[in-house]
Every structure is written in C-alpha cells, then in structure tokens.
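# Observations on the three-dimensional arrangement
So you can see what is in the structure, the chains are spelled out below.
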Amino acid sequence: MQQPHTLAVGQSVELIPGWYDAGVPRGAYTILRLLPNEGADREYRVRHQRDGQERVVRESQLRLGLT
C-alpha cells in the first residue's frame, strides 16, 4: 500500500540537492504533480520558480518553503 504524500500541488518548497545532484539548482520550487511510486520516499514533479526548469525529486530532498 502506498503512503500518502505529505506535500500538496501548488505548495512552495525548497530543494536540497543530494551529493549526486551537483548540477541541480537549489532554491524555491513549486509542486506541480504528485507521482505514484512503490518506495517509502514519495516523488513529486516540481518547477524551479526562477528558471522554470522542471524535474522529478524525492520528498527527502524537499522542505517547506518560506513563501
């Protein structure tokens, strides 16, 4: 059974890139979509608020934004 997502579409979050994500810009992102997966770490499609780039990230890489 899948665990529910703790974040919602439209929320502002901060991405904290991992060791292998050196080219991924830090900063404010907006959640665009909740993605299904079977792992314990939920996945989201997000858009960087400054450059508009979209990417798929794990919940463990995110924390609530200030805006």
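Report on the accompanying structure. Remember, it's a predicted structure, so these values are computed and weren't measured experimentally.

The rules behind the values
Residues numbered from 1 in each chain as written. Predicted model: local features only at pLDDT ≥ 70, side-chain atom pairs only at ≥ 80, totals over all residues. Heavy atoms only, no water. Core = buried A, V, L, I, M, F, W, Y, C linked by side-chain atoms within 4.5 Å. Buried < 20%, exposed > 50% of the residue type's maximum accessible area, 1.4 Å probe, protein only. Helix = DSSP H or I, 4+ residues; strand = E, 2+ residues; numbered from the N terminus. Contact = heavy atoms within 4.5 Å. Pairing = 2+ DSSP bridges. Axes fitted to C-alpha atoms, helices over the stretch in contact; angles between N-to-C directions. Salt bridge = Lys/Arg side-chain N within 4 Å of Asp/Glu carboxyl O.

## Thoughts on the nonpolar core
Of all hydrophobic cores here, the largest spans nine residues; its members are L7, V13, L15, Y29, I31, Y44, V46, V57 and L62. Going through the elements one at a time, β1 (12-15), β2 (27-35) and β3 (43-48) are the ones with two or more residues in this core. Sequence-distant contacts of I31, that is, excluding residues within four places in its chain, are made with L7, A8, V9, G10, Q11, V13, Y44, R45 and V46.

## Some thoughts on the sheet that holds strand β4 (residues 54-58)
In space, the five strands of this open sheet follow the order β4-β3-β2-β1-β5, with antiparallel pairing throughout. Both outer strands of the open sheet, β4 and β5 (62-64), are each paired with one neighbouring strand and no more. Neighbour-to-neighbour, the strand axes of the sheet open up by a mean angle of 50°, direction not taken into account. Pairing of β1 with β2 involves four bridges; the strand directions are antiparallel. Following the sheet pairing, V13 is matched in β2 by Y29.

## Re the environment of I16
Note on placement: I16 falls in the loop between β1 and β2. Overall, the relative accessible area of 26% leaves I16 in the partly exposed class. For the pair I16 and R33, spaced 17 residues apart in the sequence, the C-alpha separation amounts to 18 Å. In this structure, I16 is in contact with R26, Q61 and R63, ignoring residues within four places of it in sequence.

## Overview of the pattern of salt bridges
A side chain with one charge can pair with a side chain of the opposite charge if their charged atoms come near. Overall, the coordinates contain four salt bridges when judged by the stated rule. With its nearest N and O atoms 2.9 Å apart, the salt bridge here joins E14 to R63. With a gap of 49 residues between them, E14 in strand β1 and R63 in strand β5 connect regions that are remote in the sequence. Overall, E14 belongs to the partly exposed group, its relative accessible area being 23%. Here R58 and D41 are joined by a salt bridge, their closest N and O atoms 3.6 Å apart. Here R58 is found in strand β4, whereas its partner D41 is found in the loop between β2 and β3, with 17 residues between them in sequence. What makes R58 partly exposed here is its relative accessible area of 37%. The exposure class of D41 is partly exposed, given its relative accessible area of 23%.

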